[in-house]
Amino acid sequence: MIDFALIVDVVVLALLLVTALAIARMKDLFAIVMLSGIYGLLSAAFFVSLDAVDVAFTEAAVGAGISPLLFLSVLKLTGRYENSSHSHALFALLLVVVTGLMLVVGTLDMPAFGDPGSPASSHVAVRYLEESAREIDIPNVVTSVLASYRGYDTFGEAVVIFTAAVGVLSLLGLLSGPREGRESPVRMADHLVLRLISEMLIPLILLFALYVQFHGEYGPGGGFQAGVIFAAAIILYSMLFGLHAAQSVARPAVLRALAAIGVLVYGSVGVVSMLSGGTFLDYSVLSDDPVSGQHLGIIVIELGVGVTVASTMILIFFAFTSRSDAAHPESSR
Amino acid sequence: MDTVITIASGVFAVFGIVLILSGGLGVMRLPDFYSRMHAAGVTETLAAFFIVLVLMLEVGWSIGLFKLLFIMLFVLITSPTASHALTKAARHGRLRAEGDDPEAGSP
């Protein structure tokens, strides 16, 4: 019997390598952004074949979905082609080769793939897998590890995303969108098909984001993926109907507050659990029954993560796009 | 009944694979952007339809069937729209088709 999983792995990894080489050789940044989206999708496929469906979902939403969009909005500011300066090419090559060799040497010490004695599968992971059904009682163990057992780490990730929003906004600022009364740059009457399809799809995308948000305990999904999908719907709207229309739906001031509120909600859950007599982010004390306390805590912190991620992504997109609209008001699209 | 489903899914799988192959061949061989877009866009939608249909037949009556149905609807709507948007963007960017007369003005 042929091992189909092996063939799929080899093909996907070969495609990843080809894509990476193409990205390294190209000068056209627009094509590079598109290829990086393909790279994200291929990585997602590879993660699926490794049975890491949650990671694959995040990679598909972030790597193939939102980061190319953010890069494209940056490209409008910087121009399409890479500068052809070779001043430090040799030094850069040396640096990359040395770093690559160090990484290769580093991987030699890693345990073999699927090694049962590796730290990742012998340390606390066994306990999480065995006790999750009794202590937290949700079908998706990934969510129980991510949101409850490793709640500190996830809190750190939410803070990192919030910090990204603060960083981008304080560096770029959020210019007010196209001035009132000016003709919208995109005449949507010219794009009948796009307008009809997007009007049909955007509500469905928002609905799907909510499904992913609240279904994270039962299947792949959760706050990160849902936030990104929600943001993608708003970004799609702003690409089609203009920044001004999108900013009147998702007001930047509200988004700024929401990005902070999401992290605040997450941290407050920890404080509330401390006040109820537990340790920080120990959800068991949130309710009389420890298991339903865990459920409550996970739902609330996932909601906090989702709100922060969605508003951060939209804010970063607005920050870049409002810059490029101010720089090239006639070509904004 | 099971054999009917197995045979039907096999036939549909072959349809889908042939369509994807011909689309890929068209993208490789055809001379310019518009005809390549035509090859990819036309075959891709129907191929995705057939392949999801095969998966639906294999899954049988379950929640997975409805999820696949949603995926199929999504692909049927978005894939032609993506082709449309790409081609429109190419036309907007004044990309010429092979054999287009450069003196004839903008398309």
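All values derive from a computational prediction rather than experimental measurement. (Residues numbered from 1 in each chain as written. Chains lettered and ligands numbered in written order. Predicted model: local features only at pLDDT ≥ 70, side-chain atom pairs only at ≥ 80, totals over all residues.)

## Quick look at the overall build of chain A
Across its full length, chain A carries 13 helices and zero strands. Starting at the N terminus and ending at the C terminus, chain A contains elements arranged as α-α-α-α-α-α-α-α-α-α-α-α-α. Counting only C-alpha atoms and orienting by the principal axes, one finds that chain A spans roughly 60 × 50 × 40 Å. Buried positions account for 33% of the 333 residues belonging to chain A. In chain A, the share of contacts with a sequence separation of at least 24, taken over all contacts with a separation of at least 6, comes to 71%. (Helix = DSSP H or I, 4+ residues; strand = E, 2+ residues; numbered from the N terminus. Buried ≥ 20, exposed ≤ 12 C-beta atoms within 10 Å, placed from the backbone. Contact = placed C-beta atoms within 7 Å.)

## Some thoughts on the packing of helix α1 (residues 2-29) of chain B against helix α2 (residues 33-59) of chain B
All names here are of chain B. Between α1 and α2, the shortest axis-to-axis distance is 8 Å and the interhelical angle comes to 160 degrees. Taken together, the axes of α1 and α2 lie roughly antiparallel to each other. Viewed along their axes, α1 and α2 form a crossing whose handedness is left-handed. A class-by-class count of the residues in the contact of α1 with α2 yields 17 nonpolar, six polar and three charged. (Axes fitted to C-alpha atoms, helices over the stretch in contact; angles between N-to-C directions. Parallel < 35°, antiparallel > 145°, perpendicular 65-115°, else oblique. Left-handed = near helix turned anticlockwise from the far one by under 90°. Nonpolar A, V, L, I, M, F, W, Y, C, P; charged D, E, K, R; others polar.)

## Thoughts on unusual backbone geometry
Residue and element names in this part refer to chain A. One non-glycine residue, Asp51, adopts positive backbone phi at about 70 degrees. Relative to the assigned elements, Asp51 resides in the loop between α2 (29-49) and α3 (53-78). On the basis of neighbour count, Asp51 is assigned to the exposed category, with 8 C-beta atoms found within 10 Å. Notably, Asp137 is not glycine yet its phi reads approximately 60 degrees, a positive angle. Following the sequence through the fold, Asp137 ends up in the loop between α6 (125-135) and α7 (141-149).

## A word on the environment of Ala52 of chain A
Counting through the fold element by element, Ala52 of chain A comes out in the loop between α2 and α3. Sequence-wise, Ala52 of chain A and Val305 of chain A are 253 residues apart; in three dimensions their C-alpha atoms are separated by 20 Å.

## Considerations on the environment of Ala56 of chain A
All names here are of chain A. Among the structural elements, Ala56 can be located in helix α3. Given 21 C-beta atoms within a 10 Å radius, Ala56 is considered buried. C-alpha separation for the pair Ala56 and Ala44, spaced twelve residues apart in sequence, amounts to 4.3 Å.

## Here we look at helix α8 (residues 151-172) of chain A
Because an α-helix packs 3.6 residues into every turn, residues spaced three or four apart end up facing the same way. Residues and elements named next belong to chain A. Between its first and last C-alpha, α8 extends 32 Å over 22 residues, near the 32 Å set by a 1.5 Å rise per residue. Along α8, the residues classified as buried are Gly151, Thr154, Phe155, Ala158, Ile161, Phe162 and Ala165. What you see down the axis of α8 is that its buried residues fit within an arc of 125 degrees, all on one side. Set apart from the buried face of α8 by more than 90 degrees, the exposed residues are Tyr152, Asp153, Gly156, Val160, Thr163, Gly167, Ser170 and Leu171. (Expected span 1.5 Å × (residues − 1). Arc of directions from axis to C-beta.)

## A few points about the nonpolar core
Among the nonpolar cores identified, the biggest contains 55 residues, and Val228, Ile229, Ala231, Met313 and Ile314 of chain A are the most heavily contacted of them. For this core, the secondary structure elements donating two or more residues are α3, α7, α8, α9 (192-215), α10 (223-241), α11 (243-249), α12 (252-275) and α13 (290-327) of chain A. The element that contributes the greatest number of residues to this core is α13 of chain A, accounting for 14 residues. Not counting chain neighbours up to four residues away, the residues in contact with Ile314 of chain A comprise Ala231, Ile234, Ile235, Ala250 and Leu255 of chain A. In terms of nonpolar packing, the next biggest core, distinct from the first, is built from six residues, Ala47, Ala48, Val52 and Val54 of chain B among them. (Core = buried A, V, L, I, M, F, W, Y, C linked by C-beta atoms within 7 Å.)

## Here's the deal with the packing of α6 of chain A against α7 of chain A
All names here are of chain A. Where α6 contacts α7, the two axes come as close as 10 Å, and the packing angle between them is 100 degrees. On the basis of the axis angle, α6 is roughly perpendicular to α7. Where α6 approaches α7, its residues Tyr128, Leu129 and Ser132 are matched on the opposing element by Val141, Ser144, Val145 and Tyr149.

## Some thoughts on the confidence of the model for chain A
All names here are of chain A. Looking at chain A as a whole, its pLDDT mean stands at 85, while 92% of the residues score no less than 70. Ranking the elements of chain A by mean pLDDT puts helix α5 (residues 119-122) last with 76 and α2 first with 93. Confidence drops under pLDDT 50 across residues 179-183; counting only partners more than four residues distant or on other chains, this segment forms zero contacts. (pLDDT = per-residue confidence, 0-100.)

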